[in-house]
Amino acid sequence: MTLRMGTIILLTTLALLTGCATRDTASGDALYQDLGERAGIANIVEDLLYRIVEDERIAFQFQGIDVVQFHTNLTDQICEISGGPCTYGGRPMTEVHTDMNVTETQFNALAEQLVLAMEDNGVSTSAQNRLLDRLVELHPQITHR
Ligand code: HEM
């Protein structure tokens, strides 16, 4: 192998490795971008709120809530979970949801409305699924045990 060829192979390998490394460390951040950053997430959460109110499977649970607080906190939570530069400042998930006795059906209904809200905001299916994967980790803290 000539020196030149060796150099080219080495550089190509390095470029591939660097590319992979960059993608790995920024994987959370990539989802944040795919959701349209905080402004995009805020729009999704706003649409989710409209959808919740129209969904008789879950609307009753949200009666009388502080809508602005819910909007801010869920937006920050999704921003943080997706790798964005936000810090969730709301209450712990268990504390918020325990007394509601959230059922599986209700959890799925909310997830379904979130998917539709993301769809309406042009979020790709891949990004939708990546966010759902991360939110599912919160499932045990939210549903009734
Ligand atoms: C992936 C699923 C869910 C996530 C990530 C989530 C997240 C959140 C967050 C971040 C808040 C704001 C907490 C705060 O302001 O301190 C909240 C509040 C609330 N959540 Fe959930 N939630 C989920 C599922 C559900 C479901 C399935 C229901 C009921 C059907 C529900 C009902 C509520 C209600 C009523 C509030 C307002 C509570 C209050 O302000 O007193 N959540 N949730």
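Structural notes, computed from the coordinates. Not measured: the values here are computed from a predicted model.

## Some words on the site of the ligand
Stage number 1. With respect to spatial proximity, 23 residues lie near the ligand, and among them Gln61, Phe62, Asn73, Arg91 and His97 are the closest.
Stage number 2. Contact between the ligand and Arg91: an oxygen atom at 2.8 Å from a side-chain N or O atom of the residue.
Stage number 3. His97 has a polar side-chain atom sitting 3.0 Å from a nitrogen atom of the ligand.
Stage number 4. Counting residues per element, the shell around the ligand draws most heavily on helix α4 (residues 67-81), at 5 residues.
Stage number 5. Grouping the amino acids of the shell around the ligand by side-chain chemistry returns 15 nonpolar, 7 polar and 1 charged.

## Considerations on the pattern of salt bridges
Stage number 1. Evaluated as defined, the whole model comprises 5 salt bridges.
Stage number 2. Linking Arg51 and Asp120 is a salt bridge whose minimum nitrogen-to-oxygen distance equals 3.1 Å. Remark: Asp120 occurs in helix α6 (residues 104-120) and Arg51 occurs in helix α3 (residues 37-54); sequence separation between them is 69 residues.
Stage number 3. By relative accessible area, Arg51 is classed as partly exposed at 25%.
Stage number 4. Using a relative accessible area of 52% as the deciding quantity, one classes Asp120 as exposed.
Stage number 5. Through salt bridges with shared partners, a single network forms among Asp55, Arg57 and Glu112.

So, how was this worked out
Residues numbered from 1 in each chain as written. Predicted model: local features only at pLDDT ≥ 70, side-chain atom pairs only at ≥ 80, totals over all residues. Heavy atoms only, no water. Near = heavy atom within 4 Å. Polar contact = N/O pair within 3.5 Å; in protein donor to acceptor, adjacent residues only side chain to side chain. Helix = DSSP H or I, 4+ residues; strand = E, 2+ residues; numbered from the N terminus. Nonpolar A, V, L, I, M, F, W, Y, C, P; charged D, E, K, R; others polar. Salt bridge = Lys/Arg side-chain N within 4 Å of Asp/Glu carboxyl O. Buried < 20%, exposed > 50% of the residue type's maximum accessible area, 1.4 Å probe, protein only.

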